[in-house]
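# Inside the fold
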Amino acid sequence: ISISYHVLQLNAANEPLDKLEVRQAISCAVDRQEVLDTASLGEGQVIGPLTIPAYMLPLSEFFCYEQDVERARELMAQAGLEDGFTLKVIAANAEPPTALSEAQTIQEQLAAIGIEVEIEPLELSVYVDRWLAADFDAAVALNGGRPDPYTMYARYWTRGGNLNTVVGYIDDTVDQLMAEGQAETDPLRRLEIFSEFQKHLVEMAPWVWLYTGYEYTAQQPYVSGFIPMPTDSLYSLSQVRLER
């Protein structure tokens with residue numbers, strides 16, 4: 001299984017996504033398994049923020065991970081948006097190949113709570129420029145993972161992170177837990193810290209984590225020494241030998 005992850009990124013600095021109830025409503029309205037089944041034919045696993053096997057949590061521990069449309073409608077009402085709003089979502093053409101399918105499935109799901117999703121397909125270079133400029137309301141993305149929780153997310157979920165302005169969200173709890181996790185050396189305590197980090201982040205819903213896919217490799221019988229890396233690194237190619 002891959003440690004990269006498919007995600008719907010919400011720009012929490014933009015109205016009305018700056019309201020917690022709106023972000024939570026979107027999270028509650030999304031059927032993550034349906035997104036996986038539709039976009040990747042079920043070839044993957046619904047996940048939370050951390051895809052590293054040692055840090056993954058049961059989905060039951062996350063806020064509203066089972067689709068709950070009624071709760072989503074209640075949250076929209078609490079936000080004063082019973083009639084919904086228009087959400088513009090950017091997605092790169094064919095990068096990943098599942099992006100548009102994910103966006104279309106989410107479009108149908110959010111319509112049930114009055115959110116009209118307008119999908120804007122973009123060439124990858126344009127998508128990246130728009131994303132780096134935080135010029136979007138929401139974005140469908142495939143992000144690479146890291147073997148360590150801190151290095152995986154420091155760029156997003158710390159006040160000094162170079163991409164924190166892109167996500168448009170930070171709070172004291174997120175920033176503090178990241179700092180504690182970076183400094184802690186005891187494995188069990190780190191697991192506690194990053195478990196709390198994940199659950200808090202999902203509840204605040206600046207992003208809607210969807211799923212991770214499977215990694216497939218193929219090689220000829222005469223190839224030896226190739227070890228697939230969870231980060232998709234090609235470092236192990238230095239050990240590859242051709243025996244023919």
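An account of the accompanying structure is given in this report.

Calculation rules
- Residues numbered from 1 in each chain as written.
- Predicted model: local features only at pLDDT ≥ 70, side-chain atom pairs only at ≥ 80, totals over all residues.
- Heavy atoms only, no water.
- Patch = residues over 30% accessible without salt bridge, like charges linked within 9 Å, V, L, I, M, F, W, Y side chains within 5 Å.
- Areas by Shrake-Rupley, 256 points an atom, 1.4 Å probe, with all protein chains shown as cover.
- Salt bridge = Lys/Arg side-chain N within 4 Å of Asp/Glu carboxyl O.
- Helix = DSSP H or I, 4+ residues; strand = E, 2+ residues; numbered from the N terminus.
- Buried < 20%, exposed > 50% of the residue type's maximum accessible area, 1.4 Å probe, protein only.
- Pairing = 2+ DSSP bridges.
- Axes fitted to C-alpha atoms, helices over the stretch in contact; angles between N-to-C directions.
- Parallel < 35°, antiparallel > 145°, perpendicular 65-115°, else oblique.
- Left-handed = near helix turned anticlockwise from the far one by under 90°.
- Contact = heavy atoms within 4.5 Å.
- Nonpolar A, V, L, I, M, F, W, Y, C, P; charged D, E, K, R; others polar.
- Phe/Tyr/Trp six-rings, centres within 6.5 Å; stacked < 30°, edge-to-face > 60°.
- Lys NZ or Arg CZ within 6 Å of the ring centre and 35° of its normal.
- Disulfide = S-S within 2.5 Å.

So, about a nonpolar patch on the surface. Taken together, the side chains of Ile-1, Tyr-214 and Tyr-216 make up a nonpolar region of the molecular surface, amounting to roughly 340 Å² of accessible area. Within the element layout of this structure, Tyr-214 appears in the loop between strand E6 (207-213) and strand E7 (223-224). The partly exposed category is assigned to Tyr-214, whose relative accessible area is 38%.

Right, let's talk about the sheet that holds strand E5 (residues 138-143) for a bit. With mixed pairing, the 6 strands of this open sheet are ordered in space as E2-E6-E1-E5-E3-E4. Of all the strands in the sheet, just strand E2 (44-46) and strand E4 (115-122) have a single pairing partner and so form its edges. If you compare each strand with its neighbour and ignore which way they point, the axes differ by 25° on average. By the bridge criterion, 8 bridges tie strand E3 (residues 85-92) to E4 in an arrangement that is parallel.

Turning our eyes to something else, we now look at the packing of helix H2 (residues 32-40) against helix H4 (residues 99-111). Viewed as axis vectors pointing N to C, H2 and H4 meet at an angle of 140°, and their least axial separation amounts to 9 Å. Regarding the angle of H2 to H4, the classification is oblique. Crossing handedness for the pair H2 and H4: right-handed. Where H2 approaches H4, its residues Glu-34, Val-35, Thr-38 and Ala-39 are matched on the opposing element by Ser-101, Glu-102, Thr-105, Ile-106 and Gln-109. Among the residues making up the contact of H2 with H4, the classes are represented as 3 nonpolar, 4 polar and 2 charged.

Tallied over the entire structure, the rule returns 13 aromatic pairs. Here Tyr-156 and Trp-157 contribute two aromatic rings whose centre-to-centre distance is 6.4 Å and whose plane-to-plane angle is 50°, an arrangement assigned as tilted. Side by side, Tyr-156 and Trp-157 carry an identical accessibility label, which is buried. An aromatic cluster is defined as three or more aromatic residues linked by ring pairs; in this entry it consists of Tyr-5, Tyr-55, Trp-131, Tyr-153, Tyr-156, Trp-157, Phe-194, Phe-197, Trp-207 and Trp-209. Its guanidinium or amino end placed over the ring of Tyr-222, Arg-244 lies 4.5 Å from that ring's centre, counting from NZ or CZ.

What follows is about the state of the cysteines. For the structure on display, the rule yields 1 disulfide. Paired through a disulfide, Cys-28 and Cys-64 show a sulfur-sulfur distance of 2.0 Å. In this structure the cystine formed by Cys-28 and Cys-64 twists about its S-S bond by roughly 125°; its chirality is therefore right-handed. Residue Cys-28 is found in helix H1 (residues 20-29), and its partner Cys-64 is found in the loop between E2 and helix H3 (69-78); the two are separated by 36 residues along the sequence. Cys-64 shares its class with Cys-28; the two are buried.

This model, assessed by the stated rule, comprises 9 salt bridges. For Arg-130, the salt bridge is made with Glu-120, and the minimal N-O distance between the two is 3.2 Å. Taken together, the positions of Arg-130 in helix H5 (residues 124-132) and Glu-120 in strand E4 put the pair 10 residues apart, joining distant regions of the chain. In this structure, the salt-bridge partner of Arg-190 is Asp-148, at a minimum N-O distance of 2.8 Å. Here Arg-190 is found in helix H9 (residues 187-204), whereas its partner Asp-148 is found in the loop between E5 and helix H6 (149-153), with 42 residues between them in sequence. One salt-bridge network, held together by shared partners, links Glu-120, Arg-130 and Asp-135.

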